[in-house]
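What the coordinates show
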Amino acid sequence: MKVSLISLCESIFNVGLRSISAVLKQAGYETNMIFLPKQSHPAPGKSSGYPKRIIEEVAQLCEDSQLIGISLMAQDMEGTVQLTKSLRTLGIPIVWGGIHPTLYPLECLNYADIVCVGEGEKAMLELVQRMEREEDCSQIQNLWFRGKNPNPPRTLSEISNLPLSDYDPEGHFVYDETKNRLIAIKSYVEYERYLYPQGKRYGSYSLLASRGCPYSCTYCCNNALRKISKGPYLRFRSVKHIEKELLWAKEVFPNMTAFRFEDDCFCTHPAILELAALLRRIGLPFSCLISPSYVNREIIQRLSDAGLFLCQMGVESRSKRIEALYKRTPVNHGLDKAFAIMKDFNERIDLLVDVLVDCPWETSEDSRETLRYLLKNLPGRFALGINSLVLYPGTELWEKAKSESLPELPKHQKKTWKSLRQPQLSYTTILFWLLKSKFPRGLIRILLSPPFVLIFDRKFLQKNLYPKICRIIQALYWRFTKLFIHSRRRSYAPY
Ligand code: B12
Ligand code: SF4
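Every chain's residues receive numbers from 1 upward, in the order its sequence appears when written. Chains carry letters from A onward and ligands carry numbers from 1 onward, assigned in written order. In keeping with the model being predicted, local features are shown solely for residues with a pLDDT of at least 70 and side-chain atom pairs are shown and tallied solely at 80 or more, while totals for entire chains, interfaces and linings include all residues.

**Side note on the sheet that holds strand β7 (residues 172-176)**
Strand order in the open sheet formed by 8 strands is β6-β5-β4-β3-β1-β2-β7-β8, with mixed pairing between adjacent strands. Both outer strands of the open sheet, β6 (143-145) and β8 (181-184), are each paired with one neighbouring strand and no more. Geometrically, the sheet is characterised by an average inter-axis angle of 20 degrees between neighbouring strands, direction not taken into account. Strand direction decides the pairing type here: strand β1 (residues 2-7) and strand β3 (residues 67-71), joined by 5 bridges, are parallel. Residue pairing for β3: valine 3 is matched across the bridge by leucine 67. Contacts from helix α3 (residues 77-87) reach β3 and β4 (94-97) within the one sheet, and its direction differs from that of β3 by about 170 degrees. For two strands to count as paired, DSSP must find a minimum of two bridges between them. Runs of H or I in DSSP of at least four residues are treated as helices and runs of E of at least two as strands, each being numbered from the N terminus. Working convention: axes come from line fits to C-alpha atoms, limited for helices to the stretch in contact. Angles between N-to-C directions cover 0 to 180 degrees. Contact criterion: two residues are in contact if their C-beta atoms, reconstructed from the backbone, are within 7 Å.

This is the structure:
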């Protein structure tokens with residue numbers, strides 16, 4: 001029996017879908033994997049769909065399958081609907097999975113035959129086995145069938161027992177947007193052209209050492225996932241299991257220059273020091289995400305010795321009120337100390353700090369508090385991620401917005417889930433942008449002073465003047481001086 005697995009995510013690492021493919025292959029089933037990344041982001045109001053020819057080619061590749069699985073995030077919704085409508089003509093059952101179907105199953109069941117709520121490895125395996133034996137499939141845990149009652153969740157997987165992600169080039173296809181065609185991957189080297197940021201021949205190999213997070217911030221998917229999961233939520237891969245993947249990846253991908261740990265908080269791993277020793281032995285640099293509360297001098301020292309070159313840390317807000325609303329207080333606990341430590345390692349470890357804007361409960365003064373904090377505490381070398389808060393279904397903040405009859409999504413995000421990354425342009429957000437673009441901090445402090453705030457922090461300017469200012473800033477700093485380093489830094493190859 002053959003299963004076609006399709007990913008619409010921009011990054012083709014898609015650890016979750018590759019894990020499902022590996023589990024199916026291990027059980028003796030055939031899979032093909034089709035990756036449809038799109039780098040270009042459509043202007044507001046423009047379609048984010050795929051060219052007709054590509055959709056037709058995907059349909060041809062799926063023709064001889066008995067099941068089609070599609071993996072998506074919220075922003076991939078429009079493309080997935082377009083693809084699903086077209087694949088319908090094949091008469092093959094279509095399952096949707098990933099974070100968006102997990103959090104929004106009922107909406108997704110308007111289009112898919114089956115939605116996977118939560119982890120897909122065991123659920124997909126059971127589905128395929130039952131289909132093969134022509135047994136009833138309607139009561140498989142984690143799977144919701146259109147028109148049937150939802151099935152309960154199954155216990156989360158023991159992740160050290162899972163096979164390594166499927167990167168076997170055979171039967172793998174990638175949409176090359178620049179060539180506007182589907183490419184059949186023929187070798188690991190060819191795979192690498194699509195794994196790393198477009199146009200780069202080298203880059204980081206992404207993997208996870210854990211699943212889950214110890215915290216439950218009210219806007220985060222972990223908050224929603226924890227509620228619907230069964231069994232211990234935060235799980236870690238054994239060091240041996242991780243070692244197997246690192247050695248394998250290093251061997252098969254000759255142009256890989258670094259590893260990227262995508263774990264929500266890498267340092268929660270109970271064997272973090274053992275992992276540092278392993279990474280040192282492996283001898284390739286790496287980057288990771290880390291929560292401020294887990295920054296500790298010994299750990300950072302060991303990770304730095306092992307090759308840590310970039311650390312991403314969420315701060316999100318420094319307003320006490322908003323920290324409490326986000327349930328960030330325990331995560332941001334010890335942030336001053338964390339920054340002090342990261343300053344000491346600033347020569348060796350780049351720091352990428354994330355903040356959240358566009359929160360409907362946040363006042364301008366709340367955001368200015370965060371900005372003042374960053375102006376004071378950021379080390380000399382840093383990158384800043386300014387992210388627009390999205391209220392994802394199933395999270396506490398989404399429930400709160402619903403109960404207060406607030407729009408579940410800010411207006412600019414509402415219709416399509418498309419422009420999730422673009423923050424709205426308030427006066428404070430512009431000042432965040434100035435900080436990100438390395439404007440002199442003294443100047444930003446002046447712009448933060450009461451007279452400037454009084455004049456410029458106004459709604460009508462936000463609507464009419466600031467979008468224009470933003471375009472000018474982008475033209476000056478992004479195009480010519482390339483000081484908007486954030487997007488480049490996030491995925492760059494180090495040495
Ligand atoms: C790693 C990661 C990334 C990586 C890699 C993404 C990738 N395609 O692999 C990078 C850094 C590129 C990334 C980028 C972004 N990310 Co991200 N990312 C994550 C992160 C931290 C882990 C995802 C992961 O690998 N989890 C582990 C795997 C095993 O779980 P999984 O992916 O959910 O897959 C399982 C199930 O969902 C299911 N499943 C998945 N697919 C399918 C398909 C079928 C057919 C079936 C049956 C089941 C199934 O089975 C899988 C295995 O059990 C999550 C947070 C989180 N904790 O989930 C955010 C998260 C997924 N990202 C998010 C966002 C918003 C983004 C960005 C838009 C951020 C931005 N503003 O730029 C970009 C968009 C990138 C894109 N379009 O690809 C949001 C998505 C929210 C949503 N509802 O859509 C999340 C949930 C974080 C959050 N804000 O809460 N991300
Ligand atoms: S610490 Fe980060 S990953 Fe964990 S719940 Fe909070 S926002 Fe989500």
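**Details of the sheet that holds strand β14 (residues 308-316)**
Strand order across the open sheet formed by 6 strands is β9-β12-β13-β14-β15-β16, with parallel pairing between neighbours. On the outer flanks of this sheet lie β9 (203-207) and β16 (382-388), each paired with one strand and no other. When strand polarity is set aside, the average angle formed by the axes of neighbouring strands in this sheet is 20 degrees. Of the strand pairs in this sheet, β9 and strand β12 (residues 256-261) are connected by 5 bridges, and their pairing is parallel. Note on β12: the bridge partner recorded for tyrosine 205 is phenylalanine 259.

**Some thoughts on the site of ligand 1**
Using a C-beta atom placed from the backbone for every residue, we mark a residue as near a molecule or strand if that atom lies within 6 Å of it. Close contacts around ligand 1 come from 40 residues, with Gly16, Gly69, Ser71, Gly97 and Gly120 the closest. Listing elements by their share of the shell around ligand 1, those giving two or more residues are α1 (15-26), β3, β4, α4 (99-103), α6 (121-132) and α8 (221-228). Residue contributions to the shell around ligand 1 peak at 5 residues, all from α1. As a working rule, the residues Ala, Val, Leu, Ile, Met, Phe, Trp, Tyr, Cys and Pro are called nonpolar, Asp, Glu, Lys and Arg charged, and the rest polar, with Gly in that last group. Taken together, the residues that form the shell around ligand 1 break down as 18 nonpolar, 15 polar and 7 charged.

**Some points on the packing of helix α14 (residues 364-377) against helix α17 (residues 427-436)**
Where α14 meets α17, the closest approach of the two axes is 10 Å, and the angle between their N-to-C directions is 15 degrees. In terms of orientation, α14 and α17 fall into the roughly parallel class. Like other packed secondary-structure pairs, α14 and α17 cross with a definite hand, here left-handed. Contacts between α14 and α17 pair Ser364, Ser367, Arg368, Leu371, Leu374 and Leu375 from the former with Thr428, Leu431, Phe432 and Leu435 from the latter. Residues belonging to the contact of α14 with α17 are distributed by class as follows: 6 nonpolar, 3 polar and 1 charged. An angle counts as roughly parallel when it lies under 35 degrees, as roughly antiparallel when it exceeds 145, as roughly perpendicular when it falls between 65 and 115, and as oblique in every other case. Handedness of a crossing follows from how the near helix is turned relative to the far one, being left-handed for an anticlockwise turn of less than a right angle and right-handed for a clockwise one.

**Describing the environment of glycine 307**
Assignment of secondary structure puts glycine 307 in the loop between α11 (297-306) and β14. The class of glycine 307 is buried, set by 20 C-beta atoms lying within 10 Å. Residues glycine 307 and glycine 283, 24 residues apart in the sequence, show an inter-C-alpha distance of 7.5 Å. What glycine 307 contacts, discounting residues up to four positions off in sequence, is Leu279, Arg280, Leu284, Pro285 and Phe286. Burial in this document is a count-based property: other C-beta atoms within 10 Å of a residue's C-beta are tallied, and the residue is buried at 20 or more, exposed at 12 or fewer, or partly exposed in between, with C-beta positions derived from the backbone.

**As for the pairing of β1**
By the criterion of burial, β1 is predominantly enclosed, with 5 of the 6 residues buried. When β1 meets strand β2 (residues 30-35), the two strands line up parallel, connected through 6 bridges. The residue bridging isoleucine 6 from the neighbouring strand is isoleucine 34, located in β2. Handedness of a crossover: with both strands directed away from the viewer, a clockwise path from the first strand across the helix to the second marks it as right-handed. For the segment spanning β1, α1 and β2, crossover handedness is right-handed.

**As for the site of ligand 2**
In the vicinity of ligand 2, the contacting residues are Cys213, Tyr215, Ser216, Cys217, Cys220, Asn222, Asp264, Ser291, Gly314 and Val331. Tallied by class, the residues present in the shell around ligand 2 amount to 5 nonpolar, 4 polar and 1 charged.

**Side note on helix α10 (residues 272-282)**
What α10 keeps buried is the set Ile272, Leu275, Ala276 and Leu279. Projected onto a plane normal to the axis of α10, the buried residues spread over an arc of 105 degrees and lie on a single side. On its buried face, α10 is in contact with α9 (239-252), β13 (286-289) and α11. A positive phi of about 85 degrees marks glycine 283, the residue just after α10. Working definition: the arc comes from the directions between the helix axis and the C-beta atoms, pointing outward to the latter.

**Concerning unusual backbone geometry**
Unlike most non-glycine residues, asparagine 14 shows phi in positive territory, near 25 degrees. Here asparagine 14 is to be found in the loop between β1 and α1. A residue is classified by how many C-beta atoms lie within 10 Å of it, and asparagine 14, with 23 of them, is buried.

Just distances and angles here, no functional claims.
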